[in-house]
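# Report on the structure
These are the residues of each chain, in order.
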Amino acid sequence: MLKIEKTTFKEKSTEINIRQRMYKGKSFITLIVTTEFFPSLVGENLVSGMIEAKIDINDISCLEALVGKNYKGDIGSVTISVNNDGIWEHQSCDSFEFSISKRKGRDLSFSLKTDNCNLKTTGVMVSLYSTSSTKKELEKNFDLRDFYDKPIVKDIGKSQIMKYFVKE
């Protein structure tokens, strides 16, 4: 269920990606949740768009540890992008609520609530990408059992990015 400004929209898809990075010896996780919604007639206007939430957490070391977590306040950012009759409008906020209720394989059920948006759905976890220097360092900070062993590795400047995909 997706409701924006008291209007209900039908979801097209919800994808969840995870970013892990090290800062001053500590592991930080960001969930990046992207939900697209189908066009709908609202009054005289055709409205569609997407919501992107970035939730910063640092107490997670595996996918199963996400279940039952509730976050509230300045925990990241939410951007609601709406195409209103061909004109894009964007709203951002840093204070919101995000709760995870259950996980089944790659599916993660959650709710996201801002002042003008209420989203309760199940998204598909796709990948974990990391700028940790080695696989060994990443494994010290995040359990990779739920991911395929072979990452995609790219060198960008002085950084190496490893992207692992969630197993089915």
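Heads up: these notes are all about the structure in this document. (Residues numbered from 1 in each chain as written. Predicted model: local features only at pLDDT ≥ 70, side-chain atom pairs only at ≥ 80, totals over all residues. Heavy atoms only, no water.)

Looking only at helices and strands, the protein features 1 helix and 11 strands. Written out in order from the N terminus, the α and β elements of the protein read β-β-β-β-β-β-β-β-β-α-β-β. Along the first, second and third principal axes, the C-alpha atoms of the protein reach 55 × 35 × 30 Å. Within the protein, buried positions represent 36% of all 168 residues. A fraction of 52% describes how many contacts in the protein between residues 6 or more apart in sequence connect residues 24 or more apart. Accessible area of the protein: about 9800 Å², with a carbon and sulfur share of 48%. Measuring between centres, the 26 positive side-chain charges of the protein sit 6 Å from its 23 negative side-chain charges. (Helix = DSSP H or I, 4+ residues; strand = E, 2+ residues; numbered from the N terminus. Buried < 20%, exposed > 50% of the residue type's maximum accessible area, 1.4 Å probe, protein only. Contact = heavy atoms within 4.5 Å. Areas by Shrake-Rupley, 256 points an atom, 1.4 Å probe, with all protein chains shown as cover. Lys, Arg positive; Asp, Glu negative; His and termini not counted. Charge placed at Lys NZ, Arg CZ, Asp CG, Glu CD.)

All right, on to the nonpolar core then. Across soluble globular proteins, nonpolar side chains have a tendency to be buried as a group. L31, I51, I55, L66, F98, L112 and F142 are the most contacted members of the largest nonpolar core, which has 39 residues in total. The contacts of L66, once residues within four sequence positions are left out, are L31, I57, I60, I100, L108 and M125. (Core = buried A, V, L, I, M, F, W, Y, C linked by side-chain atoms within 4.5 Å.)

In this structure, K6 is a non-glycine residue whose phi angle is positive, near 70°. For K6, the position within the fold is in the loop between strand 1 (2-4) and strand 2 (7-9). A positive phi is found at K24, a non-glycine position, where the angle reads about 50°. Position of K24 relative to the elements: it lies in the loop between strand 3 (11-23) and strand 4 (26-42). The exposure class assigned to K24 is exposed, which follows from its relative accessible area of 74%.

This part covers the pairing of strand 10 (residues 152-156). Burial analysis of strand 10 places just 0 of its 5 residues in the buried class, a small minority of the element. Sheet topology note: the strand 10/strand 11 (residues 159-165) ladder contains 5 bridges and is antiparallel. Counterpart to I156 in the pairing with strand 11 is S159. Counting the residues in the hairpin turn of strand 10 and strand 11 gives 2 residues, including G157, whose phi is positive at 65°. (Pairing = 2+ DSSP bridges.)

Moving on, we come to the environment of N116. Structurally, N116 is set in the loop between strand 8 (107-113) and strand 9 (117-130). When its relative accessible area of 22% is taken as the criterion, N116 is described as partly exposed. For N116 and I80, which are 36 residues apart along the polypeptide, the C-alpha to C-alpha distance reads 9.7 Å. When neighbours within four sequence positions are excluded, N116 is seen to be in contact with K3, I4, E5, I80 and Q91. One polar contact links N116 to T114, side chain to side chain, over a distance of 3.2 Å. (Polar contact = N/O pair within 3.5 Å; in protein donor to acceptor, adjacent residues only side chain to side chain.)

Turning next to the pattern of salt bridges. Tallied over the full model, the rule gives 5 salt bridges. A salt bridge links D146 to R103; the nearest nitrogen and oxygen atoms lie 3.4 Å apart. Separated by 43 residues along the polypeptide, D146 in the loop between helix 1 (135-141) and strand 10 and R103 in strand 7 (residues 87-104) bring together distant segments of the chain. Judged by relative accessible area, which is 23%, D146 ranks as partly exposed. D143 is the partner of R145 in a salt bridge, and the nearest nitrogen-oxygen pair spans 2.4 Å. Accessibility expressed as a relative area gives 23% for D143, which makes it partly exposed. Salt bridges sharing partners connect three or more residues here, namely E64, R103 and D146. (Salt bridge = Lys/Arg side-chain N within 4 Å of Asp/Glu carboxyl O.)

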